[in-house]
Amino acid sequence: MILCLTLLTVSVQAQTARKFTIDLTEDAKAQMVCFLPANPSGQAIVGIPGGGYSMLSNTHEGTLASGWLNEQGIAYFVVNYRLPNGDRTIPIGDVEKGIRIVRDSAAIWGINPHDVGIMGFSAGGHLASVISTHSDFDVRPDFSILFYPVISMDERVSHVWSCRNFLGEDQKNPEMVRSFSTQNAVRRHLTPPAIIIMSSDDNLVPPVTNGLEYYKAMRNAGNECSMLVYPSGGHGYGFGNWFAYRNEMLATLGKWLKARKAPKVDAIRVACIGNSITDGHGIDLAEQNGYPAQLQRALGEDYWVKNFGVNGRTMLNKGDNPYMNEMAWKDAQAFKPDVVVIKLGTNDSKPQNWKYSAEFKQDLCQMITTLRPDLAQPTKKKAKKGKKAAATPEPKPQIFLCTPIPAIKSSWNINDSIIASGVIPIQQEVARQYGLQVIDLHSLFGTDTGNMQNDGIHPNDKGVRRMTQIIAEALKAK
């Protein structure tokens, strides 16, 4: 036994180039234990131990994973967070600070800041899912690994003490229970890809009402999600070698991690803003098959394209579903894009929305000047003759305005004549005002019904390819 432990320690040390601890709070009650690999792959994982929000199981659900992860070239950071005692902001804040430190130190530690995941166990799995669904863009992970996670905050179908310790008095508030039952907080395109690992015989955190619910929410949203359910193992095995399926689990998890394609650190960031057509309505697994995903493939690895489309949204702030009220709009700005493709206006043509048509221009201008505050400023006077003007960087982001594709049918009271005679002229006027490029999808896409779904509004797979081609050509030309 002593020999085996010695060999294991030597092996772990060989793969771990550096181990150190960072205090996350001044009193050191929250800490992050850091394990940097000898041969970094650029990937990093922030580990969140379980313990029912009453203690931390930070060995087999924490530091024990460091050897295997460092062997894969993955930097690993275990957050020993403070317990909530009814104040959920305490552990949330500790984990968010840990992720922020990892991303801020990425260049020094050999990490790609766009390839930072989170791995949580049991109640730590719940905390990881909260960070994945509720936290701001800059601290939201790029992927999630959830071991037998607590997902529901309804103590009738979940782990009672995790629910009570996390929510405290808010356990009596149905809205808070619903919000922090994280299957209800999954957002299409915005919640990061996940892999869920469970055992069928887990009688502490029922997999059917917890992990399976998160998988269903992810799959229904079209987000990437995988789920592994083993016949036995119970609860709380973590990376312990007593788990009978440990080797199989690590082999699958390793393949899943290696299959991830993270954007280059210096990739050109493209934000696709829009309604259901950008979102990918009617396209199965739109996160992989919608026009932004196809645009990523068309532009190549030097670009990082993200989908910020939301179904049914309007440019009009007085419309029935204003885009600028959405989490996606907040995320699109936090993404700090180099290029923005705006495709809104279809839903604005509905009678209940177009009655506010007089405000369409000002709302479009508001979106543009929020993305580009320099365009809201008065033009500076030219330098006097003989004086050299100071060099200024090219303003970011470049903004492309897409006209709506034709509405072949009047489904949902969408009106193509209003699009053609009302929406598009305003888009063209604003583009001239700010020196932006218009991508005329309304003309170039055409009215071929073979490119449309049965509703006559949304493109089918063939139509999505056509849209992608038009937009990609415009971006490449610019």
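Shown above is the structure to which this text applies.
Residues numbered from 1 in each chain as written. Predicted model: local features only at pLDDT ≥ 70, side-chain atom pairs only at ≥ 80, totals over all residues. Heavy atoms only, no water.

(A) The overall build of the protein, seen in detail. Tallying secondary structure elements over the protein gives 18 helices and 13 strands in all. In terms of overall size, the protein behaves like a compact globule, its C-alpha atoms giving a radius of gyration of 25 Å where 478 residues would be expected to give roughly 23 Å. Overall, the protein is about 80 × 60 × 40 Å in size when its C-alpha atoms are taken along their principal axes. Put simply, the protein has 478 residues, and 56% of those count as buried. Within the protein, contacts between residues at least 6 apart in sequence are counted, and of these 76% link residues at least 24 apart. Of the roughly 21,300 Å² of accessible surface on the protein, a fraction of 50% belongs to carbon and sulfur atoms. Where the 50 positive side-chain charges of the protein centre and where its 45 negative ones centre are 7 Å apart. (Helix = DSSP H or I, 4+ residues; strand = E, 2+ residues; numbered from the N terminus. Rg over C-alpha atoms; globule rule 2.2 N^0.38 Å. Buried < 20%, exposed > 50% of the residue type's maximum accessible area, 1.4 Å probe, protein only. Contact = heavy atoms within 4.5 Å. Areas by Shrake-Rupley, 256 points an atom, 1.4 Å probe, with all protein chains shown as cover. Lys, Arg positive; Asp, Glu negative; His and termini not counted. Charge placed at Lys NZ, Arg CZ, Asp CG, Glu CD.)

(B) Structural context of the pattern of salt bridges. Counting across every chain of the model gives 20 salt bridges. Aspartate 284 serves as the salt-bridge partner of arginine 219, at 3.6 Å between the closest nitrogen and oxygen. Highlighted residues: arginine 219 in helix H8 (residues 211-220) and aspartate 284 in the loop between helix H10 (276-279) and helix H11 (286-289), separated in sequence by 65 residues. Exposure remark for arginine 219: the relative accessible area of 32% places this residue in the partly exposed category. (Salt bridge = Lys/Arg side-chain N within 4 Å of Asp/Glu carboxyl O.)

(C) Just the nonpolar core, in detail. Judged by nonpolar contacts, the single largest core of 51 residues is most densely connected at Met32, Phe77 and Ile111. Apart from residues no more than four positions distant in its own chain, phenylalanine 77 is found in contact with Met32, Val33, Cys34, Leu36, Ala44, Ile45, Val46, Gly47, Val102, Trp109 and Ile111. Of all hydrophobic cores here, the second largest spans 36 residues; its members include Phe335, Cys365, Ile368 and Leu375. (Core = buried A, V, L, I, M, F, W, Y, C linked by side-chain atoms within 4.5 Å.)

(D) Focus on helix H16 (residues 416-434). The terminal C-alpha atoms of H16 lie 26 Å apart, and with 19 residues this matches the ideal 27 Å at 1.5 Å per residue to within 8%. Turning to H16, its buried residues number three or more, namely Ile418, Ile419, Gly422, Val423, Ile424, Ile426, Gln427, Val430, Ala431 and Tyr434. Contact partners of the buried residues in H16: helix H14 (351-354), helix H15 (360-371), strand E12 (398-402), strand E13 (437-439) and helix H17 (441-444). Immediately beyond the C-terminal end of H16, within one or two residues, lies glycine 435, with a positive phi of roughly 70°. (Expected span 1.5 Å × (residues − 1).)

(E) Just the packing of aromatic side chains, in detail. By the definition in use, this model includes 22 aromatic pairs. Measuring from ring centre to ring centre gives 6.5 Å for phenylalanine 121 and tyrosine 148, while their planes differ by 55°; the resulting arrangement is tilted. Of the two residues, phenylalanine 121 is situated in strand E5 (residues 116-121) and tyrosine 148 in the loop between strand E6 (143-147) and helix H6 (160-167); the sequence distance between them amounts to 27 residues. An aromatic cluster of three or more residues is present, and its members are Trp68, Phe121, Phe147, Tyr148, Tyr230, Tyr237, Phe239, Phe243 and Tyr245. Directly above the ring of phenylalanine 20 sits arginine 18, whose terminal nitrogen or CZ lies 4.1 Å from the centroid. (Phe/Tyr/Trp six-rings, centres within 6.5 Å; stacked < 30°, edge-to-face > 60°. Lys NZ or Arg CZ within 6 Å of the ring centre and 35° of its normal.)

(F) The pairing of E12, seen in detail. Of all five residues in E12, four are buried, a share of seventy percent or more. When strand E11 (residues 339-343) meets E12, the two strands line up parallel, connected through four bridges. Looking at E12, one finds that valine 339 is bridged to glutamine 398. Of the pairings in the sheet, the one linking E12 to E13 comprises three bridges and is parallel in character. When the sheet's bridge partners are listed, leucine 401 is paired in E13 with valine 438. With respect to chirality, the unit in which E12 leads through H16 into the neighbouring parallel E13 is right-handed. (Pairing = 2+ DSSP bridges. Right-handed = clockwise from strand over helix to strand, strands pointing away.)

(G) Quick look at helix H12 (residues 291-299). Taken together, the buried positions of H12 are occupied by Tyr291, Pro292, Ala293, Gln294, Leu295 and Leu299. Buried residues belonging to H12 abut strand E9 (268-274), H10, H11, strand E10 (303-309), E11 and helix H18 (461-477). Downstream of H12 by one or two residues, glycine 300 has phi in the positive range, about 95°.

(H) Main features of the sheet that holds E5. Pairing is mixed in the open sheet, where eight strands are placed in the order E1-E2-E4-E3-E5-E6-E7-E8. Both outer strands of the open sheet, strand E1 (16-23) and strand E8 (225-230), are each paired with one neighbouring strand and no more. In this sheet, neighbouring strand axes are inclined to one another by 15° on average, regardless of whether the strands run parallel or antiparallel. Across five bridges, strand E3 (residues 44-48) lies against E5 in parallel orientation. Directly across from isoleucine 45, in E5, lies its bridge partner glycine 117. Packing of helix H9 (residues 246-259) onto the sheet brings it into contact with E3, E6, strand E7 (194-199) and E8, and relative to E6 it is tilted by some 170°. (Axes fitted to C-alpha atoms, helices over the stretch in contact; angles between N-to-C directions.)

(I) Focus on the sheet that holds E10. With respect to topology, five strands assemble into an open sheet ordered E10-E9-E11-E12-E13, the strand pairing being parallel. What marks the edges here is a single partner per strand, and that holds for E10 and E13. Along the sheet, successive strands turn relative to each other by an average axial angle of 20°, direction set aside. With five bridges joining them, E9 and E11 adopt parallel strand pairing. What sits directly across from valine 270, in E11, is valine 339. Here H12 sits on the sheet and contacts E9, E10 and E11; the angle it forms with E10, its principal contact strand, is near 170°. Lying on the sheet, H15 is in contact with E9, E11 and E12; it crosses E12 at an angle near 155°.

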